[in-house]
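Coordinate inspection notes
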Amino acid sequence: MTIPVFRFAPSPNGRLHVGHAYSALLNADFAMRWDGRLLLRIEDIDLARCRPEFVAAITDDLSWLGLRWEQPVRRQSHHGDDYQAAFSVLRSQDLLYPCFCSRKALAADVARGAAATGCRPPRDPDGAARYPGTCSRLSATEVSARLASGEPHAWRLRMKAALARVPIGLEFHAFDCDGATTAHGVDPQAWGDAIVVRRDIPTSYHLSVVVDDALQGITHVVRGQDLEAATDLHVVLQTVLGLPTPCYHHHALIRDGGGEKLAKSRMSETLMALRQQGVTAADIRRRLGFA
Ligand code: GLU
């Protein structure tokens with residue numbers, strides 16, 4: 001029997017809050033009940049937003065909660081070569097194209113399309129306007145010239161071409177707390193030609209996460225429902241990259257008293273602040289149902 005491998009994968013762009021504690025404790029709880037392994041991964045590809053002091057704070061908060069994980073901790077910022085290799089595989093299959101659209105140009109393009117059709121622009125699951133495909137229509141000569149001139153660009157997935165390469169009825173398995181699994185069909189088209197390599201950094205959340213889950217041998221991904229739609233895109237990337245698809249459990253998000261999702265950007269109840277107020281790790285565990 002294969003040993004289940006779980007991971008908690010926070011981004012060090014702020015202090016952990018109670019929602020992170022729930023996700024980490026749930027991963028640890030699954031690993032303990034199923035004799036599995038628990039890994040920690042620091043998702044710090046976004047060098048503009050991630051800070052070293054938050055990395056130290058993450059390990060400090062998790063240790064305070066009583067969690068233990070295997071070493072070494074994988075830091076995405078140290079593994080650019082792995083993402084570059086995956087990028088090359090996608091490019092060699094002609095599944096990517098460079099997108100030179102700035103945010104402003106893209107917004108103008110989307111507004112023009114909406115005015116022409118009289119329809120509201122379709123949105124991707126993150127709420128951003130779905131890419132209208134502008135740069136997918138550039139000629140090869142123009143693309144080469146613009147790349148050669150060093151014009152800033154992202155790389156987008158040719159979603160249609162990718163879907164033509166994957167089996168019809170692509171799905172992943174979701175597991176519940178008792179280990180029962182259910183097949184889930186995916187709807188990756190909702191993402192359109194998603195960005196796989198960002199303009200500002202040579203990878204993206206989506207590319208790094210599928211590469212790392214595979215390289216770390218993750219069999220079971222436990223993460224919040226806010227990432228459920230992203231799984232549809234991840235399954236497509238895994239399939240075209242020839243990587244295994246783990247099983248997924250998307251847990252409910254912990255909300256504040258007003259019913260709002262906790263967010264680092266809103267200085268929601270950080271574990272640090274709670275600790276300073278005298279709240280103990282046992283209190284947090286109890287509050288989150290892990291007593
Ligand atoms: N790094 C992501 C976050 O902090 C989580 C990614 C994942 O679990 O797939 O929200």
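Residues numbered from 1 in each chain as written. Predicted model: local features only at pLDDT ≥ 70, side-chain atom pairs only at ≥ 80, totals over all residues. Heavy atoms only, no water.

**Some words on the site of the ligand**
Quick reminder of the rule: A cutoff of 4 Å decides nearness: a residue is near a molecule or strand if any of its heavy atoms lies inside that distance of it. Counted as a polar contact is a pair of N or O atoms within 3.5 Å, where, for protein atoms, one must be capable of donating a hydrogen and the other of accepting one, and residues adjacent in sequence contribute only when both atoms are in side chains. Throughout this entry, Asp, Glu, Lys and Arg are counted as charged residues, while Ala, Val, Leu, Ile, Met, Phe, Trp, Tyr, Cys and Pro are counted as nonpolar. The remaining residues, Gly among them, count as polar.
Close to the ligand lie Arg7, Ala9, Pro10, Ser11, Glu43, Tyr205, Val209, Arg223 and Leu227, which account for all nearby residues. A distance of 2.7 Å separates an oxygen atom of the ligand from a polar atom in the side chain of Arg7. A distance of 2.7 Å separates a nitrogen atom of the ligand from a polar backbone atom of Ala9. Class assignment of the residues belonging to the shell around the ligand gives a composition of five nonpolar, one polar and three charged.

**Here we look at the pattern of salt bridges**
Let me state the cut-off plainly: By convention in these notes, a salt bridge is any Lys or Arg side-chain nitrogen within 4 Å of a carboxyl oxygen on Asp or Glu. A run of DSSP states H or I qualifies as a helix once it reaches four residues; a run of E qualifies as a strand once it reaches two. Both are numbered from the N-terminal end. Three exposure classes are used, based on accessible area relative to the maximum for each residue type with a 1.4 Å probe and protein chains only: buried under 20%, partly exposed in between, and exposed over 50%.
The tally for this structure, following the rule as stated, stands at 22 salt bridges. We note a salt bridge from Arg275 to Asp60, for which the minimum N-O separation is 3.4 Å. Of the two residues, Arg275 sits in helix 9 (residues 271–276) while Asp60 sits in helix 2 (residues 52–64), which places them 215 residues apart along the sequence. Assessed through its relative accessible area of 25%, Arg275 is described here as partly exposed. In this structure Asp60 comes out as partly exposed when scored by relative accessible area, which is 39%. Of the charged contacts in the structure, one is a salt bridge between Arg146 and Glu151, with a shortest N-O distance of 2.8 Å. Since its relative accessible area comes to 22%, Arg146 is described here as partly exposed. Beyond isolated ion pairs, a larger network of salt bridges with shared partners links Arg7, Arg41, Glu43, Arg74, Asp82, Asp212 and Asp213.

**Considering the nonpolar core**
Here is the rule we go by: Here, nonpolar core means buried Ala, Val, Leu, Ile, Met, Phe, Trp, Tyr and Cys residues that are tied together by side-chain atoms lying within 4.5 Å of each other. Contact definition: two residues touch when any of their heavy atoms are within 4.5 Å.
Leu90, Leu96, Leu157, Val196, Leu207, Leu233 and Leu237 are the most contacted members of the largest nonpolar core, which has 37 residues in total. Residue assignment for this core shows that the elements contributing at least two residues are helix 3 (80–92), strand 5 (154–157), helix 6 (159–165), strand 6 (171–175), strand 8 (195–197), helix 7 (205–215) and helix 8 (228–241). Residue contributions to this core peak at seven residues, all from helix 8. Apart from residues lying up to four places away in sequence, Leu237 is in contact with Leu90, Leu157, Val196, His206, Leu207 and Val210. One finds Ala24, Ala28, Ile42 and Leu262 within the second-largest nonpolar core, a separate group that totals 29 residues.

Remember that the coordinates give geometry; whether it matters functionally is a separate question.
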